[in-house]
Amino acid sequence: MKIHEIFPILISQDKIDNHDEIKNEYLGELKSLWWNGYENPTPENSGRAFVHSNPRYFDIFKSISKSIRRHLDLLEVDHEKLLINITKSWVGYADRDTPQLKTHMHNDADLSFCYYITSDETSDKFCFYNPTSWNEPSTGIFEPNEKYRLLKKFNKYNCDSYTVSPKEGTILIFPSKMQHSTLKRKNIEDRYSLIGDVKLCLKPEYHRYAQSCPHPNLWLEF
Ligand SMILES: [Fe+2]
């Protein structure tokens, strides 16, 4: 039987350039910028969703932007004509008691990222969900029910969630509209991450292109 695997979703996990230097130089102060999920429902609510606005962290975001360009290479996008705009960024933290993140997506962004500054093999996993479930041949057939289930075992065609191990020094890049959560594990060591959103736009000189978004210089703001 020939199988046509069509429209695979691209999630990339890249090594961050200069991770060791970044960790040594900035981890201590980044810890103090945690958005504190116990007190705030969202990073935005904490007022700490713009780490990138501090020029001190320019080199970190420069490394992140390089990984994002490598992600765009995989998509065969001519990104030399585009600008990578970091629109939001915040520090994530989890210890063994932190509850797992609920399923959510990132509003009004093109790509999102999660850079693992510290993690170990016991860290909470990153979990993606497939809300469309095109392969489900009849409603509910893929549901994992303990007692009454029709699914014999999971494989890549019937599994509607996918977990990624948070390897220190790597960055996950994914479409912002993808539903995701964390999957709780022992999380023995504290896990710190830098998370954020990206919007792409055309460089001003490429204003004749109809794709993506025009440069903000060409906008009229009221
Ligand atoms: Fe998220």
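The present account deals with the structure reproduced in this document. (Residues numbered from 1 in each chain as written. Predicted model: local features only at pLDDT ≥ 70, side-chain atom pairs only at ≥ 80, totals over all residues.)

Observations concerning the overall build of the chain
Then, number 1: Across its full length, the chain holds 3 helices and 8 strands.
Then, number 2: Along the chain, helices (α) and strands (β) appear in the sequence β-α-α-α-β-β-β-β-β-β-β when read from the amino end.
Then, number 3: With the C-alpha coordinates aligned to their principal axes, the bounding extent of the chain is approximately 55 × 45 × 35 Å.
Then, number 4: Taking all 222 residues of the chain together, the buried fraction comes to 24%. (Helix = DSSP H or I, 4+ residues; strand = E, 2+ residues; numbered from the N terminus. Buried ≥ 20, exposed ≤ 12 C-beta atoms within 10 Å, placed from the backbone.)

Observations regarding the sheet that holds strand S6 (residues 170-175)
Then, number 1: Read across the sheet, 5 strands follow the order S1-S6-S3-S8-S2 without closing on themselves; strand pairing throughout is antiparallel. The sheet is open, and its two edges are formed by strand S1 (12-15) and strand S2 (82-94), each paired on a single side. Across the sheet, the mean angle separating the axes of adjacent strands is 25° when strand polarity is ignored.
Then, number 2: Two elements, S1 and S6, share 4 bridges in a ladder whose sense is antiparallel. (Pairing = 2+ DSSP bridges. Axes fitted to C-alpha atoms, helices over the stretch in contact; angles between N-to-C directions.)

Looking at the pairing of S6
The two faces of a sheet get side chains in turn, since along a regular strand they alternate between them.
Then, number 1: Where strand S3 (residues 111-118) lies against S6, 5 bridges are found, and the strand directions are antiparallel. Bridging from a neighbouring strand, Leu111 pairs with Pro175 of S6.

Points about helix H3 (residues 58-74)
Then, number 1: For H3, built from 17 residues, the straight-helix expectation of 24 Å at 1.5 Å per residue is met to within 8% by its first-to-last C-alpha distance of 25 Å.
Then, number 2: Where H3 terminates, the next one or two residues include Glu76, which has phi positive at roughly 60°. (Expected span 1.5 Å × (residues − 1).)

Comments concerning the sheet that holds strand S4 (residues 125-129)
Then, number 1: As summarised here, the arrangement of the 3 strands in space is S5-S4-S7, forming an open sheet in which the pairing is antiparallel. Strands with a single pairing partner mark the edges of an open sheet, and in this sheet they are strand S5 (161-164) and strand S7 (180-183). Here the strands of the sheet are splayed against their neighbours by 30° on average, with no regard to which way each runs.
Then, number 2: Note: S4 against S7, 4 bridges, orientation antiparallel. Within the sheet, the bridge partner assigned to Lys125 lies in S7 and is Leu183.

Observations regarding unusual backbone geometry
Then, number 1: In this model, Phe7 sits at a positive phi of 55°, which is unusual for a non-glycine residue.
Then, number 2: Tracing the backbone through its elements, the reader meets Phe7 in the segment before S1.
Then, number 3: Given 5 C-beta atoms within a 10 Å radius, Phe7 is considered exposed.

Let's talk about the nonpolar core
Then, number 1: Among the nonpolar cores identified, the biggest contains 30 residues, and Phe113, Cys114, Tyr115, Ile171 and Leu194 are the most heavily contacted of them.
Then, number 2: Looking at this core, the elements with two or more residues in it are helix H1 (19-31), H3, S2, S3, S6 and strand S8 (191-202).
Then, number 3: The element that contributes the greatest number of residues to this core is S3, accounting for 6 residues.
Then, number 4: Leaving out residues up to four positions away in the same chain, Cys114 has contacts with Phe126, Ile171, Leu172, Ser193 and Ile195. (Core = buried A, V, L, I, M, F, W, Y, C linked by C-beta atoms within 7 Å. Contact = placed C-beta atoms within 7 Å.)

What to know about the environment of Lys177
Then, number 1: With respect to the helices, strands and loops of the structure, Lys177 is situated in the loop between S6 and S7.
Then, number 2: By the C-beta count within 10 Å, which is 14 here, Lys177 ends up partly exposed.
Then, number 3: In the structure, Lys177 is positioned 12 residues away from Glu189 in sequence and 30 Å away in space, judged by C-alpha atoms.

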